[in-house]
Amino acid sequence: MTETRTDDDVTAQRLRLLVGLVVVFGVGAAAAITAHAIAHPQPVPHPAALALLAVLVVVAGRVRIHVRLKSTLDTSTWGEIPVLVGLVLLPAPWVLLCAVLGAAVLKILTSRGPLKTVFAIAKEALTAGAAAAVYIACGVQPSLTDPQLTIIPTTLALCAAILVDNLAYLPVVAVSTGTSIKQAARHNLGIKLVGYLFRLGAALLMIGLLASDLHLLLLLVVPLVVACMHLWQSRSVRTREERESWQRLAKATDELNAVDLTQVLHSATIRAAQIFSAAEAAIDLPGADRTVRATEAEVLSDGSLTGSPARPGETTVDLVAHDGSVRVGVLRLSFGGTVRLTEVEQYKLRTFASAVCTAIRNAEAYAELARIAAENAHAASHDPLTGLANRRRLYDRAGQLLQAAGHDGMFALLLIDLNHFKEVNDTLGHAAGDDVLRQVADRLRDAAAPGDLVARLGGDEFAVLLTGLPTPALANHRATGMLTALGPGIEVEGMKITVEAAGGIAMAAGSGSVEELMRRADIAMYQAKRSCEQTVVYAHTRDTSDLDRLMLTGELHRAVTEREFAVDFQPIVDLGSGEVIAAEALARWHHPDQGNLTPVQFLETVERSGQLPAFADAVLEQSLIAMESWREAGFDLPVAVNVSPRSLLDPTFPEAVLSRLTRHEVPPNRLILELTETLTISQLDVVERTLAELRNAGVRLAIDDFGTGVSSLSVLSRIPVHQLKIDRAFVAAVETSTEAAAVIRTTVDLARNLHLTVVAEGVESEPQRRALWGLGCLAGQGQLFARPYSAARFLGVLQRGSGGQPGVLAAALHDAGSVVRLPLRRASGGGTAPLPHLPA
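Source: prediction; values computed, not measured.

(A) Looking closely at the nonpolar core. Core analysis: the biggest nonpolar cluster contains 75 residues, and Phe569, Trp630, Leu673, Leu772 and Phe794 have the highest contact counts within it. Looking at this core element by element, the count peaks at 8 residues for helix H19 (residues 612–632). Discounting residues that sit within four places of it in the chain, Phe794 has contacts with Phe569, Gln570, Pro571, Val580, Ala583, Trp630, Leu637 and Tyr789. Core analysis: the second largest hydrophobic core is formed by 44 residues, Leu53, Ile81, Val88 and Tyr169 among them.

Rendered as structure tokens:
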């Protein structure tokens, strides 16, 4: 507020100085003309002529054309005509007196302030004096009875009057509006020049008619001509002003199509000042506590709304949508004085405000979309638990570094695995485990050098891209420093635990690809674990223990493309009736040199090689093809397929499974996905979402090797499974170990209470079958019934059956139609067990 008052005071002071200067020159001009008249005396004109001239000055001054420039009206009148005509008829001092009296009467009638009144009178004296000086210099002798047609003197007198009028008026307008004199002079210059020509023509016409004694024609023609000229000029000015204003509005609307909110606000305020000829424009956004102020040339401020209070006399309009449903703020226009907008200007203001509202809403919507996109991009490349980069971002960054550095890239990959982290989860819970992971992430991030990328790959596995290495030896030094940062104890739930980790380092040079770089770091990390070293740098000479795995890794791509992976199927049998009720798919690698390899021999290599999606897809495809062939032969059997925990971490896995089921027209409930409980516990937060999507689609889930982990119940409470599979270790000892029998009995009771089915693995003998049946386990698989076969041989086994019964592989433990009484169950309180089935 203080700064605004100071600026206004300075402007007022400058205006007073300019007005004073014009008054001095006006008085001087009047004195000079009077002195000349005294030196060359002339008779006093008739009072009626003087009164008529004064009236004509007032009338001509009332016929105006207004053009607003901010709060100042640039007014064009026909006041020069009676002065020019009067100078031809009457002595100059009397004409000057009539002009001054007429100007004074005009200002009194329009109720102008004293400063404006004094300025108008002085300016009128100055312009009339300039015109009189030209007539005197040209030797024109005024005569009321015999006037002369003075074309050249009249033209020169009008030019002098116009020049002096602008020299006196334009500086005042520039100071009052805060614009330059050049800008004020060029405002509607074309229309003004035409108006000057009209005034010259009207003055010469009147003087000519007076000189030719056609006084009656003067009364009839001149008013009509002047009226036509005035109407034309007025309309031209209004038309041009409106056209330029609409053009500026259209241009401003185009500029408002920006998507940056700051650009929209800055452009809108500047354009508002230009379109509505305002000294200043401001946009207030209460919701964002923001205001932007600007003149027609520049932005003055962009800050908090509290620091920019509204000024008195401002024109305000709400920034609302076309339908008035949304209000985002206020547009304020300050003109430096009191201005009343015309109806057309008010309509344009509302239209502009609506366009600004739309532009602000579009910019805010775009900013919100950009924010959401940035969040999604961040989520796609960062681990949600620790905020570190994830595997995807690590691979992208490593790929960029490899491309930039070629085969001699001086950077390395450090792969870190926490030792005994699973024990933290199992003893303190997953919340404590997550807290440990977050603190480990913070320490690794703090210990990393500028330019290094720290990532969490999943579970308790981290990776660091060590960049800017001057020598390979520095990689081990920096890796050791990062692992040392994990040494101090971590406090979790009031307990202090020590985190130990092993790190494998692989130099980028010679790796050729990110997958190979990751594989080398993985090998080095496991070497560090086995040798109880903190870090190990990958070297070919120390890679003998992993030679077979390396060879398998190099051949995986060929095995997938040439379909060396095959799937055998082992039947799952009703222990009571011997009937086949399902099958389990078991992958085999028919290696050309090493023979048939089981998943134990190659699955870990597949998981770490990047070929897991292709491998899992091949196994599922062969399983579904087998199901189709069996169904066509009359055996509609569900198939259980083992799934790697790493597959469950892939967000596209559910869609891939369901699309293949649809392609083969296999109902989802005929597919059972077997999960390894001991491997999924550390990834439950991610796995749960994937499994829920599959289960909701109808796919059935089973926990393999149930009971072998220390957190079986925790897994069971979080994973929505349908089936439990008892590990073969308990089945092998069911006849000799009371503990094994107790585990099986407890598992069966738990499954019954949870409405789950139970399948025993590794049934090798008839006594085992009977013992399991006696404990309430109703289904099993193993060598007693059949070993794994190819899909075609499996179908042959089903068709042959046992005892002349297709689909039956063992004699029933009871005769058909007999009543079987099973032992009472402690958990259920007794009752008969249901027949084994896989609910549809």
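(B) Focus on the packing of aromatic side chains. Counting across every chain of the model gives 5 aromatic pairs. Between Phe565 and Phe615, the aromatic rings sit 4.8 Å apart at their centres with planes inclined by 70°, giving edge-to-face as the arrangement. Pair noted here: Phe565 is in strand E15 (residues 565–574) and Phe615 is in helix H19, with a separation of 50 residues, a long-range link. Residue Phe615 is classed as buried on the basis of its relative accessible area, which comes to 8%.

(C) Layout of the pairing of strand E10 (residues 461–466). Summarising burial for E10: 6 of the 6 residues are buried, a large majority. Both faces of E10 are covered, namely the face carrying Glu461, Ala463 and Leu465 and the face carrying Phe462, Val464 and Leu466. Judged from the 6 bridges that link them, strand E8 (residues 412–418) and E10 form a sheet pairing that is antiparallel. Paired with Asp417 across the two strands is Glu461, which belongs to E10. Examined bridge by bridge, strand E9 (residues 453–458) and E10 share 5 bridges and lie antiparallel to one another. Along E10, the bridge assignment pairs Leu453 with Leu465. Taking the residues between adjacent antiparallel strands as the criterion, E9 and E10 are bridged by 2 residues, where Gly459 takes a positive phi near 60°.

(D) Here's a closer look at the packing of H19 against helix H28 (residues 791–800). For the pair H19 and H28, the least separation of the axes is 10 Å and the interaxial angle reads 30°. Accordingly, the angle class assigned to the pair H19 and H28 is roughly parallel. Classified by chirality, the crossing of H28 by H19 is right-handed. For the pair formed by H19 and H28, the contact residues are Ala626, Ser629 and Trp630 on the first element and Ala791, Phe794 and Leu795 on the second. Here the residues of the contact of H19 with H28 sort into 5 nonpolar, 1 polar and no charged.

(E) Representation of the environment of Pro767. Along the chain, Pro767 turns up in helix H27 (residues 766–774). The spacing of Pro767 and Glu735 is 32 residues in sequence and 7.6 Å in space, taken between C-alpha atoms.

(F) Region of interest: a nonpolar patch on the surface. Together, Leu149, Ile151, Ile152 and Leu156 make up a nonpolar patch on the protein surface, roughly 390 Å² of accessible area in all. By secondary structure assignment, the location of Ile152 is in helix H6 (residues 151–177).

(G) Layout of unusual backbone geometry. One non-glycine residue, Asp289, adopts positive backbone phi at about 50°. Position of Asp289 relative to the elements: it lies in the loop between strand E3 (280–285) and strand E4 (290–294).

(H) Helix H3 (residues 80–89), seen in detail. Of all 10 residues in H3, 10 are buried, a share of seventy percent or more. Listing the buried residues of H3 in full gives Glu80, Ile81, Pro82, Val83, Leu84, Val85, Gly86, Leu87, Val88 and Leu89.

(I) Broad picture of the packing of H19 against helix H21 (residues 653–663). Where H19 meets H21, the axes come as close as 10 Å, and the angle between the chain directions of the two elements is 25°. Between H19 and H21, the interaxial angle falls into the category roughly parallel. By crossing handedness, the relation of H19 to H21 is classed as right-handed. Contact with H19, carried on its side by Asp617, Leu620, Glu621 and Leu624, involves Val657, Arg660, Leu661 and Arg663 of H21 and no other residues of that element.

(J) Spatial organisation of the sheet that holds strand E13 (residues 501–507). Read from one edge of the open sheet, 5 strands run E9-E10-E8-E13-E14, paired in mixed fashion. Of all strands in the sheet, those bounded by a partner on one side alone are E9 and strand E14 (535–537). Going across the sheet, the axis of each strand differs from the next one's by a mean of 20°, ignoring polarity. Most of the contacts of helix H16 (residues 514–531) go to E13, to which it runs at about 140°, and overall it touches E8, E9, E10, E13 and E14.

(K) Representation of the confidence of the model for the protein chain within the structure. Taken as a whole, the protein chain shows an average pLDDT of 78; of its residues, 78% reach a score of 70 or greater. Per-element confidence in the protein chain is highest for strand E23 (residues 779–781), whose mean pLDDT is 96, and lowest for helix H22 (residues 677–680), whose mean pLDDT is 47. Ignoring residues within four places in sequence, the model shows residues 65–73, a span with pLDDT below 50, making 49 contacts including any to other chains. Note that residues 678–682 has pLDDT below 50 and, in this model, 14 contacts with residues that lie over four places away or in other chains.

(L) Just the pattern of salt bridges, in detail. Considering all chains together, one arrives at 21 salt bridges under this definition. Ionic pairing is found between Asp452 and Arg478, a salt bridge with its closest N-O pair at 2.6 Å. Taken together, the positions of Asp452 in the loop between helix H14 (430–447) and E9 and Arg478 in helix H15 (residues 473–484) put the pair 26 residues apart, joining distant regions of the chain. Judged by relative accessible area, which is 18%, Arg478 ranks as buried. Residue Arg770 is joined to Glu766 by a salt bridge in which the shortest nitrogen-to-oxygen separation is 3.9 Å. Separated by 4 residues within a single helix, Arg770 and Glu766 lie in helix H27, roughly one turn from each other. For Glu766, a relative accessible area of 28% gives the class partly exposed. A single network of salt bridges, built from pairs that share partners, joins Glu584, Glu674, Lys725 and Glu761.

(M) Quick peek at the sheet that holds E4. The antiparallel open sheet is built from 5 strands, whose spatial order is E5-E4-E3-E7-E6. The sheet terminates laterally at strand E5 (299–303) and strand E6 (315–320), the two strands that pair on one side only. Here the strands of the sheet are splayed against their neighbours by 15° on average, with no regard to which way each runs. In terms of strand pairing, E6 meets strand E7 (residues 327–334) through 6 bridges, oriented antiparallel. By the bridge assignment for E7, Asp318 is matched with Val330. Where helix H10 (residues 261–275) meets the sheet, it contacts E3, E4, E5 and E7, and its direction lies at approximately 40° from that of E4. Here helix H11 (residues 343–381) sits on the sheet in contact with E3, E6 and E7, set at roughly 45° to E6.

Calculation criteria
Residues numbered from 1 in each chain as written. Predicted model: local features only at pLDDT ≥ 70, side-chain atom pairs only at ≥ 80, totals over all residues. Heavy atoms only, no water. Core = buried A, V, L, I, M, F, W, Y, C linked by side-chain atoms within 4.5 Å. Buried < 20%, exposed > 50% of the residue type's maximum accessible area, 1.4 Å probe, protein only. Helix = DSSP H or I, 4+ residues; strand = E, 2+ residues; numbered from the N terminus. Contact = heavy atoms within 4.5 Å. Phe/Tyr/Trp six-rings, centres within 6.5 Å; stacked < 30°, edge-to-face > 60°. Pairing = 2+ DSSP bridges. Axes fitted to C-alpha atoms, helices over the stretch in contact; angles between N-to-C directions. Parallel < 35°, antiparallel > 145°, perpendicular 65-115°, else oblique. Left-handed = near helix turned anticlockwise from the far one by under 90°. Nonpolar A, V, L, I, M, F, W, Y, C, P; charged D, E, K, R; others polar. Patch = residues over 30% accessible without salt bridge, like charges linked within 9 Å, V, L, I, M, F, W, Y side chains within 5 Å. Areas by Shrake-Rupley, 256 points an atom, 1.4 Å probe, with all protein chains shown as cover. Salt bridge = Lys/Arg side-chain N within 4 Å of Asp/Glu carboxyl O. pLDDT = per-residue confidence, 0-100.

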